[in-house]
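# Architecture at a glance
Here is what each chain is made of, one letter per residue.
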Amino acid sequence: MLMLGCDHGGYELKKEIIKYLDENKIEYKDFGCNGEAVDYPVIAKKVCNEMKKDGSDKAILICGTGIGISMAANKIKGIRAANCADCFSAKYTRLHNDANVLCMGGRTVGPGLGVMMADIFLNTGFEGGRHLRRISMLEDE
Ligand code: RB5
């Protein structure tokens with residue numbers, strides 16, 4: 001199941017993403033926030049750890065810029081979080097990086113673009129092949 005989380009900077013965009021998920025009958029678990037001020041590392045950890053525990057393969061995280069929450073997510077082993085602000089990146093981070101977390105900025109990305117990127121992220125597969133070798137190198141100490 002898709003995991004979802006945001007801080008206060010990402011709340012408005014998360015509501016748009018939820019609308020899209022509901023309309024498309026895509027199941028998700030939302031880990032907050034609900035508009036109140038929260039610390040993005042707390043949300044990123046909660047979502048990514050739950051994602052690993054649950055065996056789910058994807059999450060969407062949103063903060064003001066997408067930067068802080070992607071930094072926090074990428075600290076967690078096995079997480080490949082990509083902060084995207086364009087559709088090409090949203091597509092290629094699935095094809096080439098097998099990104100499992102899409103990060104976006106609620107203050108930098110409009111609702112139309114945000115929903116479009118989420119749709120691309122959720123519907124694009126990993127290409128594998130030579131990219132498998134490269135992403136496995138990301139796990140090297
Ligand atoms: C919160 O005001 C803001 O700093 C946060 O949402 C994010 O942009 C951090 O990277």
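Per-chain numbering applies: the sequence of each chain, read as written, is numbered from 1 onward. Local features are withheld for residues below a pLDDT of 70 in this predicted model, meaning they are given only at 70 or higher, and side-chain atom pairs are given and counted only at 80 or more; totals for whole chains, interfaces and linings count all residues. Calculation of side-chain values draws on the structure's entire complement of heavy atoms; hydrogens and water are dropped beforehand.

## So, the site of the ligand
Stated formally: One heavy atom suffices: a residue is near a molecule or strand as soon as one of its heavy atoms comes within 4 Å of it. By the criterion applied in these results, polar contacts are pairs of N or O atoms within 3.5 Å in which, for protein atoms, one can donate a hydrogen and the other can accept it, and in which residues neighboring in sequence qualify only through two side-chain atoms. Here the open area of atoms and residues is found with the Shrake-Rupley method and a 1.4 Å probe, where only the protein chains shown may cover a residue. Nonpolar residues are Ala, Val, Leu, Ile, Met, Phe, Trp, Tyr, Cys and Pro. Charged residues are Asp, Glu, Lys and Arg, and all others, Gly as well, are polar.
Residues in close proximity to the ligand include Asp7, His8, Tyr40, Cys63, Gly64, Thr65, Gly68 and Arg107, which together make up its full environment. Within the side chain of His8, an N or O atom sits 3.4 Å from an oxygen atom of the ligand. One nitrogen or oxygen atom from the main chain of Gly64 is found 2.7 Å from an oxygen atom belonging to the ligand. For the ligand, whose unbound accessible area comes to 300 Å², protein coverage reaches 71%. Looking at the shell around the ligand residue by residue, the classes come out as two nonpolar, four polar and two charged.

## So, the sheet that holds strand β2 (residues 28-30)
As a reminder, the rule being used: Two strands are counted as paired when DSSP detects at least two bridges linking them. Secondary structure elements are taken from DSSP: a helix is a run of H or I of four residues or more, a strand is a run of E of two residues or more, and numbering for both begins at the N terminus. Here, axes are lines fitted to C-alpha atoms. For helices the fit covers the stretch in contact, and angles between N-to-C directions go from 0 to 180 degrees. Residue contacts are defined here by distance: any two heavy atoms, one from each residue, within 4.5 Å place the two residues in contact.
Here we have five strands laid out as an open sheet, ordered β2-β1-β3-β5-β4, and parallel in their pairing. What marks the edges here is a single partner per strand, and that holds for β2 and β4 (81-83). Geometrically, the sheet is characterised by an average inter-axis angle of 20° between neighbouring strands, direction not taken into account. Note: β4 against strand β5 (residues 101-105), three bridges, orientation parallel. Along β5, the bridge assignment pairs Ala82 with Leu102. Sheet strands in contact with helix α2 (residues 40-54) are β1 (2-6), β2, β3 (59-63) and β5, and its direction is about 170° off that of β1.

## Considerations on the packing of aromatic side chains
The description of an aromatic ring pair uses the distance of the two centres, along with the angle that the planes make with each other. Rules: Classification of ring pairs uses Phe, Tyr and Trp, with its six-membered ring standing for Trp, and accepts pairs whose centres are within 6.5 Å; under 30 degrees between planes counts as stacked, over 60 as edge-to-face, and the remaining range as tilted. Buried, partly exposed and exposed residues are distinguished by accessible area as a fraction of the type maximum, computed with a 1.4 Å probe on protein chains only: under 20%, between the cut-offs, and over 50%, respectively. To sit over a ring, a charge needs its Lys NZ or Arg CZ within 6 Å of the ring centre and within 35 degrees of the ring normal.
All told, the structure shown has one aromatic pair when counted by the stated rule. Relative to Tyr92, the ring of Phe88 has its centre 4.4 Å away and its plane inclined at 20°; by these criteria the two rings are stacked. Taken together, the residues span about one helical turn, with Phe88 and Tyr92 both in helix α4 (residues 87-95) at a distance of four residues. Assessed through its relative accessible area of 58%, Phe88 is described here as exposed. Residue classification places Tyr92 among the partly exposed residues on the basis of a relative accessible area of 30%. Here Arg94 stacks its cationic end above the ring of Phe121, 6.0 Å away from the centre of that ring.

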